[in-house]
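Close look at the chain arrangement
Residue-level listing of the chains:
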Amino acid sequence: MPSTKTLPLVKDSERLESRLKEIPAVPGVYLMRDESDRILYIGKSKKLRNRVRSYFRESQNLSPRIAMMVQQVREIEFIATDTEAEALALEANLVKQHQPYFNVLLKDDKKYPYLCITWSEEYPRIFITRKRRAGSAKDRYYGPYVDTGALRSTLHLIKRIFPLRQRPQPLFKDRPCLNYDIGRCVGVCQGLTSPEEYRKIIQKVAMIFQGRTQELLDILEPQMEEAAEDLNFETAARIRDQIKGLQSLSAGQKVSLPDDTVSRDAIALAADTQHACVQLFQIRAGQLVGRLGFMAEIPPQPPLANGGQELSQSLVKDGQKLSQLSLSSPPWQGGERGGVEAGAILQRVLEEHYQNVESVEIPSEISVQYELPEAEILADWLSNRKGRKVTILTPQRQTKAELIEMVERNAEYELARMQRLSDRNSQAMEDLAEILDLPEVPRRIEGYDISHIQGSDAVASRVVFIDGLPANQHYRHYKIKNPEIKSGHSDDFASLAEVIGRRFRGVKEEASSATDFITDLTDKEEEFSDLGNSEKLTTLSSVSHTISDKPDLIMIDGGKGQLSAVVAVLREMNLLEELRVVSLAKQREEIFLPGESLPLPTNSEQPGVQLLRRVRDEAHRFAVSFHRDRRSERMKRSRLDEIPGLGHHRQKQLLAHFRSIDYLRLATPEQLAEVSGIGPRLAQQIYDYFHP
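All values derive from a computational prediction rather than experimental measurement.

Here we come to the overall build of the protein. When you go through the protein residue by residue, the secondary structure sums to 22 helices and 25 strands. Here the protein holds 692 residues, and the buried ones make up 46% of them.

What follows is the structure in structure tokens.
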């Protein structure tokens, strides 16, 4: 590990020159580290020595972002590879692993959905998801798609065209559901088709999301004609309907280009001070078959350095001041915006995207809004994967330039929509803070609700909104454990008290431990100051997690009674002074505060009240859906399931013999033992169950 007293390489010419001579002129990846051994930047090059040396040339016109990074570099490491393609793949993996501050990082944004095909399963499923899971490597994800409605419509139409597995779990144990009878499924749940035959159907569906619809049509048409010649008119009619459905699917997707036989992708972006919104249009056979969306983060300020002091927002080089460029003052100069090169953002998105697709999905031509810094390496890597030449170009005129303008315009619309949503949420949180007289805006709001039917299957929900948006990863379900709450006897007050007690049990002790830990660090300031910045952040992150997990506001779905029950629990745990809690009544959208008999004077159309309503409605939806799932599961279970040793087959035999549970309950052990497969011991167990 380099010493904290080591000078930056840019100020130590002797050590810099020595280090540069050690770097070979071969393909590979280089890593630049700061005084705390933290990785600042990871890059790749066809010739490592030339690329790394270019950062330290006085004549090199570096961007403000890279110039700022160079001032902090204390050490340079490199990993040599055999080819440029290996360097590209290695760089992508290292960037994902280390998340260097000065690299362009794609945001894991769950706003854009994917379509997943679970090839790892015997009978693959097809579904829409907003989370790209790191499960089996065989599973394939397509997307992320910008237009969620269009994706759902496409999948709905595909399920009408092809007989696909419709449910994750079988609806019945011994027979297929209605989807099989109407031709929407091939009886996967009962094994009425082989895995091989079903996978052939899924392969056709996969071709649609790969942008190979025309290729699929070229395959289906001869199959239809062959079936008709063999007088297999039912099969021919089914294939004909599939062809018509696929043709309707691609209707209206025509894009006017002079050479519509070439498969191409077009990519462009729009950005503000914090994020870049990137859109990628997939055009196959002259048709727009996919519109993908990505988000890239633009660092708002430099990282901490020099013992925790902020780095200067500007640098001086060759007598000129380099400052971060303003995003609000276009045009971009040299493809630069906010200190981050537009071309670098586009390249990062393309590398990430094409690493996760099959070779048949790589187009022959890629049109980009700005020149890429490593276009040659990316083109060679894509050409090797595809098996034929892939061209990357920056159109300047005519139809292809108009295509890029269209993609950029859509990226600007999406960015503007996100900005409006962010402004609306900020306004709502500020208004809510004013309504409730909060010292700060409530960034984290937790909402709670209870759901049951006269006490049966009683459950509760917790939803979390962060910065005005749902944070699904923090949602929780609760099963009410109070033995007094059962069918015929409900108690929402006691249920809420139980849930709040379970949620915040131990929070006081954890917060106290965190405070003691920080105090202890303050007492040992000299030891703590010897740590590098990365070690300090790692040490404090675990402490801050407990504190940041506490909500700024708790919202209870209900009136004064529900609020009083929650307040009593928080007071008992000595948390009432630390946690702010309110309730929102449904009828008049009235907000109640602890200890107040009258609701706050508010307007239901105020942004802050509307935010509380969104939290309340989401908590209600989440609780009701869980209650319905539990009730449905209970109703599908037979009372016989509760008898140990009595499996599904024996249950069927008993019901076939006695015709109903009522007659079964009246049977003696001897009569029960007359049923095939029911021995005297099991018969006695069944009798004892019904006669405790």
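Back to the write-up after that little detour.
A few words on the nonpolar core. Nonpolar side chains in soluble globular proteins tend to be buried together. Ranked by internal contacts, the top residues of the largest apolar core, which has 61 residues, are Leu115, Phe162, Leu164, Leu350 and Tyr354. With residues near it in sequence (within four places) discarded, Leu350 still touches Ile267, Leu280, Ile366, Val368, Leu372 and Leu378.

So, on to the pattern of salt bridges. Applying the stated criterion to the full structure yields 34 salt bridges. A salt bridge links Arg443 to Asp467, with the shortest nitrogen-to-oxygen separation between them at 2.8 Å. Here the residue Arg443 occupies a position in the loop between helix H12 (398–436) and strand S19 (444–453), and Asp467 occupies one in the loop between strand S20 (456–466) and strand S21 (469–470), the gap between them amounting to 24 residues. By relative accessible area, Arg443 is classed as partly exposed at 44%. Glu446 is paired through a salt bridge with Arg503; the nearest N and O atoms lie 2.7 Å apart. One end of the pair, Glu446, is in strand S19; the other, Arg503, is in helix H13 (residues 492–504), and 57 residues separate them in sequence. Assigned by exposure class, Glu446 and Arg503 land together as buried. Counted as one network, the salt bridges with shared partners bring together Glu589, Arg613, Arg616 and Asp617.

With that settled, the discussion passes to the packing of H13 against helix H17 (residues 560–572). Packing of H13 against H17 brings their axes to within 8 Å, and their N-to-C directions diverge by 35°. The way H13 lies across H17 gives a crossing that is right-handed. Across from Phe493, Leu496, Ala497, Ile500, Gly501 and Phe504 in H13, the residues of H17 making contact are Gly561, Gln562, Ala565, Val566, Val569 and Leu570.

Relative to the helices and strands, Ser451 resides in strand S19. With residues near it in sequence (within four places) discarded, Ser451 still touches Asp457, Ala458, Val459, Ala623, Val624 and His627.

Glancing now at the packing of helix H4 (residues 84–98) against helix H10 (residues 342–355). Remark: H4 packs on H10, axes separated minimally by 11 Å, with the N-to-C direction vectors making an angle of 100°. What the angle tells us is that H4 and H10 run roughly perpendicular. Seen from H4, the contacting residues are Leu88, Ala89, Glu91, Ala92, Val95 and Lys96; seen from H10, they are Arg348, Glu351, Glu352 and Gln355. Split by residue class, the contact of H4 with H10 holds 4 nonpolar, 1 polar and 5 charged.

Attention shifts here to helix H7 (residues 195–209). Taking 1.5 Å of rise per residue, 15 residues should cover 21 Å, and H7 covers 21 Å from first to last C-alpha, within 8% of that figure. Considered for burial, the residues of H7 that qualify are Pro195, Tyr198, Ile201, Ile202, Val205, Ala206, Met207, Ile208 and Phe209. Trailing H7 by a residue or two, Gly211 shows a phi angle of about 80°, which is positive.

A few words now on the pairing of strand S8 (residues 264–271). Looking along a regular strand, one sees side chains alternate from face to face of the sheet. Of all 8 residues in S8, 8 are buried, a share of seventy percent or more. Here 8 bridges tie S8 to strand S9 (residues 275–284), and the two strands are oriented antiparallel to one another. Within S9, the position partnered with Ala271 by the bridge is Ala276. Linking S8 back to S9 in an antiparallel pair, the connection comprises 3 residues. Here S8 runs beside strand S17 (residues 365–368); their pairing, made up of 4 bridges, is parallel. Among the inter-strand pairings, Ala266 is bridged to a residue of S17, identified as Ser367.

Attention now goes to the environment of Leu292. With respect to the helices and strands, the residue Leu292 is situated in strand S10 (residues 287–297). Separated by 13 residues in sequence, Leu292 and Gln279 have C-alpha atoms that sit 5.7 Å apart. Each residue touching Leu292, except ones within four places of it in the same chain, is listed here: Gly143, Pro144, Tyr145, Val146, Val278, Gln279, Leu280, Gln282 and His353.

Take the pairing of S10 next. In this structure, S9 lies alongside S10, joined through 10 bridges in antiparallel fashion. Each residue of the ladder has a partner; that of Gln282, found in S10, is Gly290. Hairpin geometry of S9 and S10 is characterised by an intervening segment of 2 residues between the two adjacent antiparallel strands and by a positive phi of about 55° at Ala285.

Going through the model one piece at a time under the given rule, you end up with 9 aromatic pairs. Between Tyr689 and Phe690, the aromatic rings sit 5.1 Å apart at their centres with planes inclined by 80°, giving edge-to-face as the arrangement. Through successive ring pairs, a cluster of aromatic residues spans Tyr30, Tyr41 and Tyr55. In this structure, Arg175 packs its charged tip against the face of Phe172, placed 3.7 Å from the ring centre. The ring of Phe504 carries Arg503 above its face, with NZ or CZ at 4.6 Å from the centroid.

Moving on to the sheet that holds strand S5 (residues 114–117). Spatial ordering of the open sheet is given by S6-S5-S7, a layout of 3 strands whose pairing is antiparallel. Both outer strands of the open sheet, strand S6 (126–129) and strand S7 (140–142), are each paired with one neighbouring strand and no more. Mean inter-strand twist for the sheet, computed between neighbouring axes without regard to direction, equals 30°. Where S5 lies against S7, 3 bridges are found, and the strand directions are antiparallel. Counterpart to Cys116 in the pairing with S7 is Tyr141. The strands touched by helix H5 (residues 148–161) are S5 and S6; relative to S6, the strand with the most contacts, the crossing angle is about 170°. With respect to the sheet, H7 is in contact with S5, S6 and S7, its orientation differing from that of S5 by roughly 155°.

Definitions and cut-offs
Residues numbered from 1 in each chain as written. Predicted model: local features only at pLDDT ≥ 70, side-chain atom pairs only at ≥ 80, totals over all residues. Heavy atoms only, no water. Helix = DSSP H or I, 4+ residues; strand = E, 2+ residues; numbered from the N terminus. Buried < 20%, exposed > 50% of the residue type's maximum accessible area, 1.4 Å probe, protein only. Core = buried A, V, L, I, M, F, W, Y, C linked by side-chain atoms within 4.5 Å. Contact = heavy atoms within 4.5 Å. Salt bridge = Lys/Arg side-chain N within 4 Å of Asp/Glu carboxyl O. Axes fitted to C-alpha atoms, helices over the stretch in contact; angles between N-to-C directions. Left-handed = near helix turned anticlockwise from the far one by under 90°. Parallel < 35°, antiparallel > 145°, perpendicular 65-115°, else oblique. Nonpolar A, V, L, I, M, F, W, Y, C, P; charged D, E, K, R; others polar. Expected span 1.5 Å × (residues − 1). Pairing = 2+ DSSP bridges. Phe/Tyr/Trp six-rings, centres within 6.5 Å; stacked < 30°, edge-to-face > 60°. Lys NZ or Arg CZ within 6 Å of the ring centre and 35° of its normal.

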